Amino acid sequence: MKRYLISIILLCGLAFAVPAQTFHAIIFANTKNNDIGTSVEVDFQRMSLEFTTMAKSIGYNLKKYYFYGAPSNFNRNNLVSCLRNLDCTPKDIVFFFYSGHGGRAINETSDFPEMILAVNHSTFNDLYSLSDVYKQIRKKGPRLAIVMGDLCNSEIEGYYKDSSLGGSKSATIINKGTCDVYRNLFLNVKGGFIAASSEPNQSSSCYRFQGEDGKIYEGGGYLTFSFLGFLQDYVDKGEDVSWSQLFDDAIAWTKYKTQNRKSGAQIPIYKDDLSMATPEPVQPVSTPPQEPIQSNDDDTNYRDKVAYSLSMVCNENIDRLERIRNIESAKHYFAGSAIVQVVGCDGHTIVNTSNANRYLNYLSMATSMDQIVVLDMKQENGNKISYIKVHELHYQ
Amino acid sequence: MVNMFDNISTLCDSIADYPIMRAVSTLNNEDIAIVKFILSDKNFYISDYEPVKQPFHPNFAIQFDSIAFLASFGTGEIRVFEPGKIDSCYFMGNYDSLARWGMRVFPDEEYYKLIVKKQ
């Protein structure tokens, strides 16, 4: 009886500790496109990892709406229903990210482009304006709406808009300084911010770079790559930055890197509708793992379940004995010979490779670790995981 | 010589799955000589470039014997189809001259005037 009472008290305590605010992370990424899919996949993985860090750092519950991969998932209808069904409170934050093909109508009045929400074979009916997404999210009344698109803004031949068309390489280290940078970005402001990767009549390119090993790597889109790079740099330095400063840095870098492009430099654009807000109360840096909120996507839900199970082994807020006990439930997800690859913030630098059993033992003994993010996995027949790519979030 | 601007419902052919209207007019010898000159320049074909985030949507297709050239001014790319070979995609090195040629051949099309003006 006494044990039950303690459990109830503990559960109540946990319920009060979990903030009511939600960070709605919406991603539409054309990862299966024949021409740019590989580059978009990089954007998708890096942004989904960054969303976890953002939500964790400001103490918000993360709710994912991830639309990528097959045409049944990445399409215009899903965007329409996602926006229609988006339910947020005035304390919530909505971050919408798009990476894929885009363009603009010849008679377009907005500076921002339109997304092309079809995997490979598109028609004009697959288009949806980035600024309409921004307007619709703002209408839902969240405290902060960020809309960011990495796509072309050049004219699509023959497309006149019809008015009826709707329209670091290492593990992430979370410390007080890190959280302050994110809190300053998300909690000390309210309103909205919309950004696109190129000016009207400009195309956007996929960034490729040479690694230290001499190999050529896909960096994702120029805007996404520079945005994440500068954000992580400010976070590493623990230096506060505003949204406009962050994007000014990203614009300067993109412009410089694309100055010799045959079609001219690529210059991202943004519109800042932000104002100062009363700072939110400070959340503790390290908290127990957040039980995943159901997403629209089955793969994302499964990855979240695995990530939660691994986080229950590594999170230092969980009793050490409990962490060791949790190894058994985590083991159920893995095949006997499963390989675990740990990568850095950039999503491709391999920090560690191990087999699943050894990795789980390491997690149970780890100190100052907060949670695991699953970036990729392969499953055998019978759904057991044979390969998994993860990223670790540590705190100081 | 075909034009992609025209009403899609009149399409009756395709090249490599891209819908193409049958030739709407015959090119005169001067038009042919100009486009051959543009397309025969090796510097016109840039193979080392970063992929562009707009779908390849050809504005027009030109066919000489069995070799077809599809040009997309939105992406700035040209695709070359040769029988028995894998199709190749290039960035157009001299985009402007092909756009001017398009303006000459399709004088009523506002799109070419717009892109030439922006160069």
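What counts and what doesn't
- Residues numbered from 1 in each chain as written.
- Chains lettered and ligands numbered in written order.
- Predicted model: local features only at pLDDT ≥ 70, side-chain atom pairs only at ≥ 80, totals over all residues.
- Heavy atoms only, no water.
- Core = buried A, V, L, I, M, F, W, Y, C linked by side-chain atoms within 4.5 Å.
- Buried < 20%, exposed > 50% of the residue type's maximum accessible area, 1.4 Å probe, protein only.
- Helix = DSSP H or I, 4+ residues; strand = E, 2+ residues; numbered from the N terminus.
- Contact = heavy atoms within 4.5 Å.
- Buried area = accessible area lost by both parts, 1.4 Å probe.
- Salt bridge = Lys/Arg side-chain N within 4 Å of Asp/Glu carboxyl O.
- Polar contact = N/O pair within 3.5 Å; in protein donor to acceptor, adjacent residues only side chain to side chain.
- pLDDT = per-residue confidence, 0-100.
- Pairing = 2+ DSSP bridges.
- Axes fitted to C-alpha atoms, helices over the stretch in contact; angles between N-to-C directions.
- Phe/Tyr/Trp six-rings, centres within 6.5 Å; stacked < 30°, edge-to-face > 60°.
- Lys NZ or Arg CZ within 6 Å of the ring centre and 35° of its normal.
- Expected span 1.5 Å × (residues − 1).
- Parallel < 35°, antiparallel > 145°, perpendicular 65-115°, else oblique.
- Nonpolar A, V, L, I, M, F, W, Y, C, P; charged D, E, K, R; others polar.

Visitor: A description of the nonpolar core should follow, citing residues and the corresponding values.
Guide: Residue and element names in this part refer to chain A. Within the largest apolar cluster, 42 residues are counted, with the highest numbers of intra-cluster contacts made by Phe 23, Phe 51, Met 54, Phe 95, Phe 186, Phe 227 and Trp 243. A per-element tally of this core places helix H2 (residues 37-58) first, with seven residues. The residues contacting Phe 186, other than those within four sequence positions of it, are Phe 23, Met 54, Ile 58, Ile 93, Phe 95, Arg 143, Leu 144 and Trp 243. The next biggest cluster of nonpolar side chains, apart from the first, holds 28 residues, and it includes Tyr 65, Cys 82, Val 147 and Ala 196.

Visitor: Account for the interface of chain A and chain B, with residues named and values stated.
Guide: Counting residues at the interface gives 31 residues for chain A, matched by 19 residues for chain B. Summing the contributions of chain A and of chain B, the shared interface buries around 2,000 Å²; its carbon and sulfur component is 55%. Remark: the boundary between chain A and chain B carries three salt bridges. The tally of links between chain A and chain B comes to twelve residue pairs in polar contact (both at pLDDT 80 or more).

Visitor: Please give an account of the confidence of the model for chain A that cites residues and values.
Guide: All names here are of chain A. Scored by pLDDT, chain A has a mean of 87; 90% of the residues are at 70 or more. In this model residues 4-19 is a low-confidence stretch, pLDDT under 50, and it forms seven contacts with partners more than four residues away in sequence or in other chains. The low-confidence segment residues 162-167, where pLDDT is below 50, has nine contacts with residues more than four positions distant or belonging to other chains.

Visitor: So, the sheet that holds strand S7 (residues 144-150) of chain A: which residues are in play, and what are the values?
Guide: Strands pair in a sheet through their backbones, by hydrogen bonds, and they do so in one of two ways: parallel or antiparallel. Residue and element names in this part refer to chain A. In spatial order, the strands read S2-S1-S3-S7-S9-S12; together these six strands make up an open sheet with mixed pairing. Every other strand in the sheet has two partners, leaving strand S2 (61-68) and strand S12 (269-276) as the edge strands with one partner each. Sheet twist, expressed as the average angle between the axes of neighbouring strands with direction ignored, equals 10 degrees. In terms of strand pairing, strand S1 (residues 22-29) meets strand S3 (residues 93-99) through seven bridges, oriented parallel. Pairing of Phe 28 across the sheet is with Tyr 98, part of S3. In this fold H2 packs onto S1, S2, S3 and S7, with an angle of close to 180 degrees to the strand it touches most, S1.

Visitor: Kindly report on the pairing of strand S13 (residues 334-343) of chain A, identifying the contributing residues and their values.
Guide: All names here are of chain A. Taking burial as the measure, the ten residues of S13 include seven buried ones, the bulk of the element. Alignment of S13 against strand S16 (residues 385-395), held across five bridges, turns out to be parallel. What sits directly across from Phe 334, in S16, is Ile 385. For S13 and strand S14 (residues 350-355), the ladder comprises five bridges, and the chain directions are antiparallel. Within S14, the position partnered with Gln 341 by the bridge is Thr 353.

Visitor: Explain the packing of aromatic side chains to me, using residue names and the numbers behind them.
Guide: On inspection of all chains with the given rule, the structure shows 40 aromatic pairs over all chains. With 5.5 Å between their ring centres and 65 degrees between their planes, B:Phe60 and B:Trp101 make a pair best called edge-to-face. Within this pair, whereas B:Phe60 is found in strand S5 (residues 60-64), its partner B:Trp101 is found in helix H2 (residues 95-105), the two being separated by 41 residues in sequence. Overall, B:Trp101 belongs to the buried group, its relative accessible area being 2%. When the centroid spacing of 6.0 Å and the interplanar angle of 70 degrees are considered together, the rings of B:Tyr111 and B:Tyr112 count as edge-to-face. Summarising the burial analysis for this pair, B:Tyr111 and B:Tyr112 share the class buried. Positioned above the aromatic ring of A:Tyr234, the side-chain terminus of A:Lys237 is 5.2 Å from the ring centre. A:Lys378 extends its terminal NZ or CZ atom over the ring of A:Tyr387, reaching a point 4.9 Å from the ring centre.

Visitor: An account of H2(A) is needed here, citing residue identities and associated values.
Guide: Residue and element names in this part refer to chain A. Compared with an ideal rise of 1.5 Å per residue, which puts 22 residues at 32 Å, H2 spans 31 Å between its outermost C-alpha atoms and is within 8% of the ideal. For H2, a buried count of 20 out of 22 residues is recorded, marking the element as mostly surrounded by other parts of the structure. Gly 59 sits one or two residues past H2 and shows a positive phi near 70 degrees.

Visitor: Can you explain the environment of A:Pro288? Please cite residues and give values.
Guide: Residue and element names in this part refer to chain A. Take Pro 288: it is sitting in the loop between S12 and helix H8 (298-314). The exposure class of Pro 288 is partly exposed, given its relative accessible area of 33%. Between the alpha carbons of Pro 288 and Glu 316 there is a distance of 7.8 Å; along the sequence they are 28 residues apart.

Visitor: If you had to explain the pattern of salt bridges to someone new, which residues and values would you point to?
Guide: Between side chains of opposite charge, pairing is possible as soon as their charged atoms come close. Under the defined criterion, the tally for this structure stands at 19 salt bridges over all chains. For A:Lys64, the salt bridge identified is with A:Asp304, shortest N-O distance 2.5 Å. As far as burial versus exposure is concerned, A:Lys64 and A:Asp304 are alike and both buried. The residue B:Asp96 makes a salt bridge to B:Arg100 at a minimum N-O spacing of 3.3 Å. Taken together, the residues span about one helical turn, with B:Asp96 and B:Arg100 both in helix H2 at a distance of four residues. Since its relative accessible area comes to 22%, B:Asp96 is described here as partly exposed.

Visitor: An account of the packing of H8(A) against helix H10 (residues 356-365) of chain A is needed here, citing residue identities and associated values.
Guide: When two helices pack together, their arrangement is given by the angle between the helix axes and by the axis-to-axis distance. Residue and element names in this part refer to chain A. Two elements in contact, H8 and H10, have axes whose closest approach is 6 Å; the angle formed by their N-to-C orientations is 50 degrees. In terms of their interaxial angle, H8 and H10 are classed as oblique. Facing H8, whose interface residues are Leu 310, Val 313 and Cys 314, H10 presents Leu 360, Leu 363 and Ser 364. Considered class by class, the residues forming the contact of H8 with H10 number five nonpolar, one polar and no charged.

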